[in-house]
Amino acid sequence: MPSESDDPAADRDAAASRFVAALGATMSAANYPVTMVSAVMSATSKAYGLDNQFLALPNYVQVGSPTGESLYISNPDFVLRYDQSFPLAKLVARAPSGTVAPEDGMAEIERIRNLDRRFPVWLTIGGYAVQSTGLALILQPTPLSLIGAATLGLLVGVLSVAGRRIEAIGYMLPTVCAFLVAYIVFSFHNRFHVGIDSLRALAAPLATFLPGAAITLAVIELSTRHVVSGASRLVAGFMQIAQLAFGILIAAQLAGVADTNLVTTELNRLGPWAPVLGVLVYGIGIWLNFAPPTSFLPWMALMLYTAYAGQWIGNELLGSYASGFGGGLTLILIALAISHRPNTPPTMSLVLPGFWLLVPGCLGFMGVTQLIGTHSTAVFGATLISMMSIAVGVQTGLLLWRAAVQLTSTPGRPVLHD
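Residues numbered from 1 in each chain as written. Predicted model: local features only at pLDDT ≥ 70, side-chain atom pairs only at ≥ 80, totals over all residues. Heavy atoms only, no water.

1. Re the overall build of the chain
Under the convention used in this document: Secondary structure elements follow DSSP: runs of H or I no shorter than four residues count as helices, runs of E no shorter than two count as strands, and numbering proceeds from the N terminus. Computed with a 1.4 Å probe, the accessible areas rest on the Shrake-Rupley method; for each residue, only the protein chains presented here act as cover.
What the chain contains, in helices and strands, is 16 helices and 3 strands. When the accessible surface of the chain is totalled, it reaches about 18,600 Å², and 64% of it is carbon and sulfur.

Here is the structure:
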(Lines give C-alpha, C1' and ligand atoms only; values in the text may rest on other atoms or scores of the structure.)
Protein backbone atom coordinates (compact mmCIF):
# COMPACT_ATOMS: atom_id res chain seq x y z
CA MET A 1 0.00 0.00 0.00
CA PRO A 2 1.39 3.39 -0.93
CA SER A 3 2.00 5.91 1.80
CA GLU A 4 0.27 9.25 2.23
CA SER A 5 1.91 12.17 0.40
CA ASP A 6 1.96 15.92 0.89
CA ASP A 7 -0.02 16.39 -2.32
CA PRO A 8 -3.77 16.78 -1.54
CA ALA A 9 -4.72 15.67 -5.07
CA ALA A 10 -2.60 12.55 -4.76
CA ASP A 11 -4.17 11.81 -1.39
CA ARG A 12 -7.65 12.16 -2.85
CA ASP A 13 -6.77 9.81 -5.72
CA ALA A 14 -5.28 7.32 -3.26
CA ALA A 15 -8.42 7.43 -1.08
CA ALA A 16 -10.61 6.93 -4.16
CA SER A 17 -8.51 3.98 -5.34
CA ARG A 18 -8.66 2.36 -1.91
CA PHE A 19 -12.45 2.73 -1.92
CA VAL A 20 -12.70 1.21 -5.39
CA ALA A 21 -10.61 -1.78 -4.29
CA ALA A 22 -12.65 -2.22 -1.09
CA LEU A 23 -15.90 -1.97 -3.05
CA GLY A 24 -14.74 -4.62 -5.49
CA ALA A 25 -13.68 -6.93 -2.67
CA THR A 26 -17.02 -6.52 -0.91
CA MET A 27 -18.89 -7.27 -4.13
CA SER A 28 -16.78 -10.41 -4.57
CA ALA A 29 -17.63 -11.42 -1.00
CA ALA A 30 -21.32 -11.08 -1.95
CA ASN A 31 -20.75 -13.42 -4.95
CA TYR A 32 -21.15 -10.83 -7.67
CA PRO A 33 -19.75 -12.12 -10.99
CA VAL A 34 -16.30 -10.75 -11.73
CA THR A 35 -17.61 -9.20 -14.96
CA MET A 36 -19.82 -6.93 -12.89
CA VAL A 37 -17.16 -6.28 -10.27
CA SER A 38 -14.76 -5.08 -12.94
CA ALA A 39 -17.44 -2.96 -14.62
CA VAL A 40 -18.43 -1.22 -11.39
CA MET A 41 -14.81 -0.64 -10.38
CA SER A 42 -14.04 0.83 -13.80
CA ALA A 43 -17.09 3.12 -13.83
CA THR A 44 -16.42 4.29 -10.27
CA SER A 45 -12.78 5.05 -11.01
CA LYS A 46 -13.74 7.08 -14.08
CA ALA A 47 -16.26 9.01 -12.02
CA TYR A 48 -13.39 10.06 -9.75
CA GLY A 49 -11.27 11.03 -12.76
CA LEU A 50 -8.91 8.08 -12.39
CA ASP A 51 -7.42 5.94 -15.14
CA ASN A 52 -6.82 2.74 -13.21
CA GLN A 53 -6.23 -0.86 -14.23
CA PHE A 54 -8.15 -3.67 -12.54
CA LEU A 55 -7.88 -7.33 -11.68
CA ALA A 56 -10.93 -8.99 -10.11
CA LEU A 57 -11.00 -12.61 -8.98
CA PRO A 58 -13.37 -14.32 -6.53
CA ASN A 59 -10.80 -14.00 -3.72
CA TYR A 60 -8.54 -11.19 -4.93
CA VAL A 61 -9.08 -7.61 -6.13
CA GLN A 62 -6.35 -5.31 -7.39
CA VAL A 63 -6.47 -1.65 -8.45
CA GLY A 64 -3.41 0.01 -9.93
CA SER A 65 -2.36 2.99 -12.00
CA PRO A 66 -1.41 2.40 -15.66
CA THR A 67 2.25 3.09 -14.84
CA GLY A 68 2.26 0.66 -11.91
CA GLU A 69 3.40 3.30 -9.44
CA SER A 70 0.38 2.82 -7.19
CA LEU A 71 -1.14 -0.54 -6.33
CA TYR A 72 -4.10 -1.23 -4.05
CA ILE A 73 -4.97 -4.80 -3.13
CA SER A 74 -8.02 -6.00 -1.23
CA ASN A 75 -8.69 -9.63 -0.36
CA PRO A 76 -12.34 -10.58 0.16
CA ASP A 77 -11.52 -12.99 2.99
CA PHE A 78 -15.04 -12.79 4.39
CA VAL A 79 -18.52 -13.79 3.28
CA LEU A 80 -21.32 -11.27 3.06
CA ARG A 81 -24.70 -12.48 4.31
CA TYR A 82 -27.82 -12.18 2.18
CA ASP A 83 -29.30 -9.44 4.36
CA GLN A 84 -26.07 -7.45 4.01
CA SER A 85 -26.32 -7.59 0.22
CA PHE A 86 -29.26 -5.15 0.20
CA PRO A 87 -27.42 -2.09 1.57
CA LEU A 88 -24.42 -3.12 -0.54
CA ALA A 89 -26.58 -3.06 -3.66
CA LYS A 90 -27.54 0.55 -2.90
CA LEU A 91 -23.89 1.51 -2.57
CA VAL A 92 -23.02 -0.34 -5.79
CA ALA A 93 -25.75 1.57 -7.60
CA ARG A 94 -24.52 4.97 -6.34
CA ALA A 95 -20.75 4.51 -6.59
CA PRO A 96 -20.40 4.76 -10.41
CA SER A 97 -22.09 8.18 -10.35
CA GLY A 98 -19.22 9.64 -8.32
CA THR A 99 -21.62 11.07 -5.74
CA VAL A 100 -20.15 8.96 -2.93
CA ALA A 101 -17.13 10.49 -1.22
CA PRO A 102 -14.41 7.84 -0.84
CA GLU A 103 -14.31 8.34 2.94
CA ASP A 104 -18.09 7.93 3.16
CA GLY A 105 -17.93 4.88 0.93
CA MET A 106 -15.31 3.21 3.11
CA ALA A 107 -17.38 3.98 6.20
CA GLU A 108 -20.47 2.47 4.57
CA ILE A 109 -18.59 -0.69 3.61
CA GLU A 110 -17.37 -1.04 7.19
CA ARG A 111 -20.93 -0.50 8.47
CA ILE A 112 -22.31 -3.14 6.10
CA ARG A 113 -19.67 -5.67 7.11
CA ASN A 114 -20.44 -5.17 10.82
CA LEU A 115 -24.22 -5.29 10.57
CA ASP A 116 -25.72 -7.53 13.23
CA ARG A 117 -28.16 -10.24 12.29
CA ARG A 118 -31.75 -9.06 12.48
CA PHE A 119 -33.03 -12.18 14.20
CA PRO A 120 -31.65 -14.16 17.16
CA VAL A 121 -29.81 -17.42 16.54
CA TRP A 122 -32.69 -19.63 17.65
CA LEU A 123 -35.00 -18.01 15.10
CA THR A 124 -32.39 -18.45 12.37
CA ILE A 125 -32.17 -22.17 13.19
CA GLY A 126 -35.95 -22.43 13.21
CA GLY A 127 -36.02 -20.66 9.85
CA TYR A 128 -33.77 -23.31 8.36
CA ALA A 129 -36.13 -26.01 9.63
CA VAL A 130 -39.04 -24.18 7.97
CA GLN A 131 -37.02 -23.94 4.74
CA SER A 132 -36.33 -27.65 4.88
CA THR A 133 -40.02 -28.40 5.44
CA GLY A 134 -40.99 -26.23 2.48
CA LEU A 135 -38.57 -28.10 0.22
CA ALA A 136 -39.92 -31.42 1.45
CA LEU A 137 -43.40 -30.31 0.39
CA ILE A 138 -41.98 -29.66 -3.08
CA LEU A 139 -39.65 -32.63 -3.47
CA GLN A 140 -41.16 -35.44 -1.41
CA PRO A 141 -44.56 -34.48 0.06
CA THR A 142 -45.21 -37.35 2.46
CA PRO A 143 -45.95 -37.09 6.19
CA LEU A 144 -42.74 -38.86 7.19
CA SER A 145 -40.64 -36.70 4.87
CA LEU A 146 -42.10 -33.53 6.39
CA ILE A 147 -41.35 -34.70 9.92
CA GLY A 148 -37.87 -35.77 8.92
CA ALA A 149 -37.19 -32.52 7.03
CA ALA A 150 -38.21 -30.38 9.99
CA THR A 151 -36.23 -32.44 12.52
CA LEU A 152 -33.12 -32.81 10.40
CA GLY A 153 -33.41 -29.18 9.34
CA LEU A 154 -33.05 -28.20 12.98
CA LEU A 155 -29.95 -30.40 13.25
CA VAL A 156 -28.34 -28.89 10.13
CA GLY A 157 -29.32 -25.41 11.29
CA VAL A 158 -27.50 -25.92 14.59
CA LEU A 159 -24.42 -27.31 12.84
CA SER A 160 -24.44 -24.41 10.36
CA VAL A 161 -24.41 -21.90 13.21
CA ALA A 162 -21.54 -23.81 14.83
CA GLY A 163 -19.69 -23.90 11.49
CA ARG A 164 -19.86 -20.12 11.17
CA ARG A 165 -18.30 -19.70 14.61
CA ILE A 166 -15.74 -22.53 14.50
CA GLU A 167 -13.64 -22.49 11.36
CA ALA A 168 -12.55 -26.12 11.60
CA ILE A 169 -16.17 -27.28 11.58
CA GLY A 170 -17.05 -24.94 8.74
CA TYR A 171 -14.59 -26.53 6.31
CA MET A 172 -16.06 -30.01 6.84
CA LEU A 173 -19.66 -28.93 7.29
CA PRO A 174 -21.09 -30.36 4.00
CA THR A 175 -19.59 -33.79 4.63
CA VAL A 176 -20.49 -33.84 8.33
CA CYS A 177 -24.09 -32.77 7.73
CA ALA A 178 -24.52 -35.15 4.79
CA PHE A 179 -23.19 -38.05 6.85
CA LEU A 180 -25.35 -37.34 9.90
CA VAL A 181 -28.54 -36.71 7.93
CA ALA A 182 -28.06 -39.75 5.69
CA TYR A 183 -27.11 -42.05 8.55
CA ILE A 184 -30.18 -41.04 10.56
CA VAL A 185 -32.48 -41.52 7.55
CA PHE A 186 -30.99 -44.88 6.54
CA SER A 187 -30.90 -46.20 10.12
CA PHE A 188 -34.53 -45.19 10.62
CA HIS A 189 -35.44 -47.04 7.45
CA ASN A 190 -33.54 -50.18 8.48
CA ARG A 191 -35.20 -50.24 11.88
CA PHE A 192 -38.79 -49.42 10.95
CA HIS A 193 -38.89 -50.35 7.23
CA VAL A 194 -40.92 -47.30 6.28
CA GLY A 195 -39.51 -46.97 2.78
CA ILE A 196 -37.87 -43.57 3.10
CA ASP A 197 -34.48 -44.57 1.69
CA SER A 198 -35.05 -42.39 -1.39
CA LEU A 199 -32.35 -39.74 -1.73
CA ARG A 200 -35.10 -37.17 -2.28
CA ALA A 201 -35.77 -37.45 1.45
CA LEU A 202 -32.24 -36.15 2.05
CA ALA A 203 -32.39 -33.21 -0.35
CA ALA A 204 -34.50 -30.88 1.79
CA PRO A 205 -32.27 -30.61 4.91
CA LEU A 206 -29.05 -30.60 2.83
CA ALA A 207 -30.16 -28.20 0.09
CA THR A 208 -28.26 -25.26 1.56
CA PHE A 209 -24.97 -26.92 0.51
CA LEU A 210 -25.88 -27.29 -3.17
CA PRO A 211 -23.73 -24.74 -5.05
CA GLY A 212 -26.18 -23.68 -7.74
CA ALA A 213 -25.33 -19.98 -7.66
CA ALA A 214 -21.59 -20.73 -7.79
CA ILE A 215 -21.91 -22.98 -10.83
CA THR A 216 -24.20 -20.50 -12.56
CA LEU A 217 -21.66 -17.73 -12.03
CA ALA A 218 -18.94 -20.07 -13.28
CA VAL A 219 -20.76 -20.64 -16.56
CA ILE A 220 -21.36 -16.90 -17.02
CA GLU A 221 -17.72 -16.09 -16.34
CA LEU A 222 -16.37 -18.86 -18.54
CA SER A 223 -18.60 -17.75 -21.41
CA THR A 224 -17.24 -14.19 -21.06
CA ARG A 225 -13.62 -15.47 -21.11
CA HIS A 226 -12.94 -14.98 -17.41
CA VAL A 227 -11.37 -18.42 -17.34
CA VAL A 228 -9.53 -18.25 -14.02
CA SER A 229 -12.48 -17.11 -11.92
CA GLY A 230 -14.98 -19.29 -13.80
CA ALA A 231 -12.87 -22.42 -13.52
CA SER A 232 -12.18 -21.85 -9.82
CA ARG A 233 -15.89 -21.45 -9.07
CA LEU A 234 -16.72 -24.55 -11.11
CA VAL A 235 -14.14 -26.70 -9.35
CA ALA A 236 -15.25 -25.40 -5.95
CA GLY A 237 -18.88 -26.20 -6.79
CA PHE A 238 -18.08 -29.74 -7.92
CA MET A 239 -15.96 -30.25 -4.81
CA GLN A 240 -18.86 -29.29 -2.57
CA ILE A 241 -21.15 -31.73 -4.35
CA ALA A 242 -18.49 -34.42 -3.98
CA GLN A 243 -18.32 -33.70 -0.24
CA LEU A 244 -22.05 -34.27 0.02
CA ALA A 245 -21.89 -37.47 -2.00
CA PHE A 246 -19.00 -38.77 0.11
CA GLY A 247 -20.90 -38.18 3.35
CA ILE A 248 -23.98 -39.94 2.00
CA LEU A 249 -22.06 -42.95 0.71
CA ILE A 250 -20.16 -43.46 3.98
CA ALA A 251 -23.46 -43.27 5.87
CA ALA A 252 -25.03 -45.78 3.47
CA GLN A 253 -22.18 -48.24 3.99
CA LEU A 254 -22.28 -47.94 7.77
CA ALA A 255 -26.06 -48.30 7.79
CA GLY A 256 -25.94 -51.26 5.43
CA VAL A 257 -27.93 -49.67 2.60
CA ALA A 258 -27.08 -51.07 -0.83
CA ASP A 259 -26.24 -48.80 -3.77
CA THR A 260 -29.39 -50.00 -5.53
CA ASN A 261 -31.48 -48.42 -2.77
CA LEU A 262 -29.99 -44.97 -3.38
CA VAL A 263 -32.81 -43.94 -5.68
CA THR A 264 -34.66 -40.73 -6.41
CA THR A 265 -38.21 -42.01 -6.75
CA GLU A 266 -40.72 -39.22 -6.21
CA LEU A 267 -43.70 -39.75 -3.90
CA ASN A 268 -46.64 -37.43 -3.23
CA ARG A 269 -49.06 -38.64 -0.59
CA LEU A 270 -50.55 -35.24 0.23
CA GLY A 271 -51.93 -34.03 -3.08
CA PRO A 272 -51.08 -31.66 -5.95
CA TRP A 273 -51.46 -28.65 -3.65
CA ALA A 274 -48.41 -29.62 -1.58
CA PRO A 275 -45.66 -28.25 -3.87
CA VAL A 276 -47.55 -24.98 -4.35
CA LEU A 277 -47.83 -24.52 -0.59
CA GLY A 278 -44.23 -25.64 -0.23
CA VAL A 279 -42.98 -22.68 -2.25
CA LEU A 280 -44.67 -20.28 0.20
CA VAL A 281 -43.40 -22.17 3.25
CA TYR A 282 -39.92 -22.14 1.77
CA GLY A 283 -40.10 -18.37 1.32
CA ILE A 284 -41.05 -17.91 4.96
CA GLY A 285 -38.08 -20.04 5.95
CA ILE A 286 -35.75 -17.87 3.85
CA TRP A 287 -37.04 -14.76 5.57
CA LEU A 288 -36.42 -16.23 9.03
CA ASN A 289 -33.06 -17.76 8.13
CA PHE A 290 -31.48 -15.06 5.95
CA ALA A 291 -33.45 -12.05 7.22
CA PRO A 292 -33.92 -9.95 4.06
CA PRO A 293 -35.89 -6.70 4.54
CA THR A 294 -39.56 -7.29 5.28
CA SER A 295 -40.48 -5.06 2.33
CA PHE A 296 -38.74 -7.57 0.06
CA LEU A 297 -41.10 -10.43 0.97
CA PRO A 298 -43.68 -9.85 -1.84
CA TRP A 299 -40.90 -9.68 -4.41
CA MET A 300 -39.30 -12.81 -3.02
CA ALA A 301 -42.58 -14.72 -3.19
CA LEU A 302 -43.03 -13.61 -6.80
CA MET A 303 -39.55 -14.80 -7.76
CA LEU A 304 -39.93 -18.12 -5.98
CA TYR A 305 -43.18 -18.89 -7.78
CA THR A 306 -41.62 -17.69 -11.04
CA ALA A 307 -38.71 -20.10 -10.62
CA TYR A 308 -41.04 -22.96 -9.71
CA ALA A 309 -43.35 -22.29 -12.66
CA GLY A 310 -40.42 -22.00 -15.06
CA GLN A 311 -38.99 -25.27 -13.83
CA TRP A 312 -42.35 -27.02 -14.18
CA ILE A 313 -42.80 -25.74 -17.73
CA GLY A 314 -39.24 -26.73 -18.59
CA ASN A 315 -39.88 -30.23 -17.26
CA GLU A 316 -43.03 -30.57 -19.36
CA LEU A 317 -41.37 -29.30 -22.54
CA LEU A 318 -37.76 -30.47 -22.24
CA GLY A 319 -37.74 -33.26 -19.66
CA SER A 320 -36.50 -33.50 -16.10
CA TYR A 321 -32.78 -33.06 -16.75
CA ALA A 322 -33.36 -29.81 -18.64
CA SER A 323 -36.08 -28.50 -16.33
CA GLY A 324 -33.53 -26.19 -14.73
CA PHE A 325 -33.05 -24.48 -18.09
CA GLY A 326 -36.67 -23.35 -18.07
CA GLY A 327 -36.43 -22.26 -14.46
CA GLY A 328 -33.17 -20.35 -14.93
CA LEU A 329 -34.36 -18.68 -18.13
CA THR A 330 -37.67 -17.56 -16.64
CA LEU A 331 -36.07 -16.46 -13.38
CA ILE A 332 -33.45 -14.18 -14.89
CA LEU A 333 -35.79 -12.61 -17.47
CA ILE A 334 -38.42 -11.73 -14.86
CA ALA A 335 -35.77 -10.48 -12.43
CA LEU A 336 -34.24 -8.21 -15.08
CA ALA A 337 -37.66 -6.92 -16.12
CA ILE A 338 -38.50 -6.05 -12.51
CA SER A 339 -35.16 -4.45 -11.62
CA HIS A 340 -35.31 -2.39 -14.83
CA ARG A 341 -38.09 -0.38 -13.23
CA PRO A 342 -37.37 2.39 -10.69
CA ASN A 343 -37.65 1.74 -6.95
CA THR A 344 -37.42 -2.03 -7.31
CA PRO A 345 -35.01 -4.53 -5.72
CA PRO A 346 -31.64 -5.24 -7.40
CA THR A 347 -31.38 -8.18 -9.78
CA MET A 348 -28.91 -10.11 -7.61
CA SER A 349 -31.26 -9.95 -4.64
CA LEU A 350 -34.17 -11.12 -6.78
CA VAL A 351 -32.51 -14.13 -8.36
CA LEU A 352 -30.80 -15.69 -5.33
CA PRO A 353 -33.95 -17.10 -3.64
CA GLY A 354 -34.93 -18.58 -6.99
CA PHE A 355 -31.55 -20.30 -7.28
CA TRP A 356 -31.97 -21.79 -3.82
CA LEU A 357 -35.31 -23.23 -4.90
CA LEU A 358 -34.23 -24.47 -8.34
CA VAL A 359 -31.05 -26.18 -7.27
CA PRO A 360 -32.47 -29.07 -5.18
CA GLY A 361 -34.64 -30.21 -8.07
CA CYS A 362 -32.08 -29.86 -10.86
CA LEU A 363 -28.59 -29.74 -9.43
CA GLY A 364 -28.22 -32.51 -6.93
CA PHE A 365 -25.90 -34.78 -5.13
CA MET A 366 -28.51 -37.40 -5.99
CA GLY A 367 -27.16 -38.09 -9.45
CA VAL A 368 -23.56 -37.84 -8.24
CA THR A 369 -24.25 -40.41 -5.55
CA GLN A 370 -25.77 -42.79 -8.09
CA LEU A 371 -22.74 -42.25 -10.32
CA ILE A 372 -20.29 -43.19 -7.56
CA GLY A 373 -22.36 -46.20 -6.60
CA THR A 374 -23.00 -47.61 -10.09
CA HIS A 375 -20.21 -46.21 -12.30
CA SER A 376 -22.78 -45.62 -15.01
CA THR A 377 -21.68 -43.46 -17.93
CA ALA A 378 -25.32 -42.73 -18.68
CA VAL A 379 -25.79 -41.34 -15.19
CA PHE A 380 -22.59 -39.31 -15.58
CA GLY A 381 -23.90 -37.59 -18.70
CA ALA A 382 -27.30 -36.99 -17.17
CA THR A 383 -25.76 -35.59 -14.02
CA LEU A 384 -23.68 -33.06 -15.94
CA ILE A 385 -26.71 -31.96 -17.96
CA SER A 386 -28.76 -31.57 -14.80
CA MET A 387 -26.03 -29.56 -13.08
CA MET A 388 -25.49 -27.17 -15.98
CA SER A 389 -29.11 -26.67 -17.06
CA ILE A 390 -29.83 -23.82 -14.65
CA ALA A 391 -26.63 -22.02 -15.58
CA VAL A 392 -27.28 -22.32 -19.31
CA GLY A 393 -30.84 -21.08 -18.80
CA VAL A 394 -29.58 -18.01 -16.95
CA GLN A 395 -26.93 -17.33 -19.60
CA THR A 396 -29.54 -17.63 -22.35
CA GLY A 397 -31.79 -15.21 -20.49
CA LEU A 398 -28.96 -12.69 -20.19
CA LEU A 399 -28.26 -12.91 -23.92
CA LEU A 400 -31.94 -12.48 -24.79
CA TRP A 401 -32.19 -9.47 -22.49
CA ARG A 402 -29.14 -7.80 -23.98
CA ALA A 403 -30.46 -8.44 -27.48
CA ALA A 404 -33.84 -6.93 -26.59
CA VAL A 405 -32.18 -3.84 -25.11
CA GLN A 406 -30.07 -3.36 -28.23
CA LEU A 407 -33.02 -3.82 -30.59
CA THR A 408 -35.18 -1.32 -28.72
CA SER A 409 -32.28 1.09 -28.17
CA THR A 410 -33.46 1.52 -24.59
CA PRO A 411 -30.61 1.68 -22.09
CA GLY A 412 -31.41 -0.40 -19.03
CA ARG A 413 -29.78 -1.01 -15.74
CA PRO A 414 -26.55 -2.98 -15.82
CA VAL A 415 -27.24 -6.69 -16.03
CA LEU A 416 -27.25 -8.47 -12.65
CA HIS A 417 -26.47 -5.19 -10.98
CA ASP A 418 -27.86 -2.32 -8.95
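2. Remarks on the packing of helix H12 (residues 297–318) against helix H13 (residues 323–339)
For any two helices packed against each other, one specifies the inter-axial angle together with the distance between the axes. Basically, it comes down to this: The convention used is that axes are lines fitted to C-alpha atoms, helices contributing only their stretch in contact, and that angles between N-to-C directions extend from 0 to 180 degrees. Crossing handedness is defined as follows: a turn of the near helix away from the far one that is anticlockwise and smaller than a right angle gives a left-handed crossing, while the clockwise case is right-handed. Throughout, a residue-residue contact means that at least one pair of heavy atoms, one from each residue, lies within 4.5 Å. Under this grouping Gly is polar, as are all residues other than the nonpolar Ala, Val, Leu, Ile, Met, Phe, Trp, Tyr, Cys and Pro and the charged Asp, Glu, Lys and Arg.
In the contact formed by H12 and H13, the axes pass within 6 Å of each other and the chain directions differ by 145 degrees. Here H12 runs over H13; the crossing is right-handed. Across the interface between the two elements, Trp299, Leu302, Met303, Thr306, Ala307, Gly310, Gln311, Gly314, Asn315 and Leu318 of H12 pack against Ser323, Phe325, Gly326, Gly327, Thr330, Leu331, Ile334, Ala335 and Ile338 of H13. Of the residues assigned to the contact of H12 with H13, the class counts are 10 nonpolar, 9 polar and no charged.

3. Considerations on helix H4 (residues 102–113)
Definition in use: What a helix is expected to span follows from its residue count: subtract one and scale by 1.5 Å. Three exposure classes are used, based on accessible area relative to the maximum for each residue type with a 1.4 Å probe and protein chains only: buried under 20%, partly exposed in between, and exposed over 50%. Of all possible arcs, the one meant is that of the directions from the helix axis to the C-beta atoms.
Compared with the 16 Å implied by 1.5 Å per residue over 12 residues, the 17 Å span of H4 between its first and last C-alpha is a close match. Restricting attention to buried positions, one finds in H4 the residues Pro102, Gly105, Ile109 and Ile112. Seen from one end, H4 has its buried residues packed into an arc of 85 degrees, which puts them on one side. Opposite the packed face of H4, turned more than 90 degrees from it, sit the exposed residues Glu103 and Asp104. Check the buried side of H4 and you find it contacts helix H1 (8–29) and helix H3 (85–94).

4. Thoughts on the confidence of the model for the chain
So the rule is basically this: Here pLDDT means the predictor's own confidence in every residue, given as a number from 0 to 100.
Across the chain, the average pLDDT comes to 82, with 84% of residues at or above 70. Counting interchain partners and residues more than four positions distant, the pLDDT-below-50 stretch residues 411–415 has 17 contacts.

5. Concerning the nonpolar core
Operational definition: Here the nonpolar core consists of buried residues drawn from Ala, Val, Leu, Ile, Met, Phe, Trp, Tyr and Cys, with membership extended through side-chain atoms lying within 4.5 Å.
Ranked by internal contacts, the top residues of the largest apolar core, which has 60 residues, are Phe186, Leu202 and Leu206. Residues Tyr48, Tyr72, Phe78 and Leu88 belong to the second largest nonpolar core, which totals 34 residues.

6. Regarding the side chain of Ser45
Relative to the helices and strands, Ser45 resides in helix H2 (residues 34–47). Residue Ser45 is classed as buried on the basis of its relative accessible area, which comes to 0%. Filtering out sequence-adjacent residues up to four positions away, Ser45 remains in contact with Val20, Leu50, Asn52 and Phe54.

7. Quick word on the packing of H1 against H4
For clarity, the threshold we go by: The labels follow the angle: roughly parallel below 35 degrees, roughly antiparallel above 145, roughly perpendicular from 65 to 115, and oblique for the rest.
Relative orientation of the contacting elements H1 and H4 amounts to 30 degrees, with a least axis distance of 9 Å. Relative to H4, H1 is oriented roughly parallel. Crossing of H1 over H4 shows left-handed handedness. Across from Ala15, Ala16, Arg18, Phe19, Ala22, Leu23 and Thr26 in H1, the residues of H4 making contact are Pro102, Glu103, Gly105, Met106 and Ile109. The residue inventory of the contact of H1 with H4, partitioned by class, reads 8 nonpolar, 2 polar and 2 charged.

8. What about the sheet that holds strand E1 (residues 53–57)?
This is how it is decided: Whether two strands pair comes down to DSSP finding at least two bridges between them.
Spatially, 3 strands are ordered E1-E2-E3 in an open sheet, and the strand pairing comes out antiparallel. The open sheet is flanked by E1 and strand E3 (71–74), the only strands paired with a single partner. For this sheet the average axis-to-axis angle between neighbouring strands, irrespective of direction, equals 10 degrees. In this sheet, E3 lies alongside strand E2 (residues 60–64) in antiparallel orientation, the contact comprising 4 bridges.

9. Let's talk about the pattern of salt bridges
Applicable threshold: Every case where a carboxyl oxygen of Asp or Glu lies within 4 Å of a side-chain nitrogen of Lys or Arg is listed as a salt bridge.
Considering all chains together, one arrives at 3 salt bridges under this definition. A salt bridge links Arg111 to Glu108, with the nearest nitrogen and oxygen atoms 2.8 Å apart. Of this pair, Arg111 and Glu108 both sit in helix H4, 3 residues apart, roughly one helical turn. In this structure Glu108 comes out as partly exposed when scored by relative accessible area, which is 22%.

10. Some thoughts on unusual backbone geometry
Positive phi, close to 65 degrees, is recorded for Asn31, a residue that is not glycine. Tracing the backbone shows Asn31 in the loop between H1 and H2. Judged by relative accessible area, Asn31 falls into the partly exposed class, the value being 42%. In this model, Ala291 sits at a positive phi of 55 degrees, which is unusual for a non-glycine residue. Within the secondary structure, Ala291 is located in the loop between helix H11 (273–290) and H12. The buried category is assigned to Ala291, whose relative accessible area is 6%.

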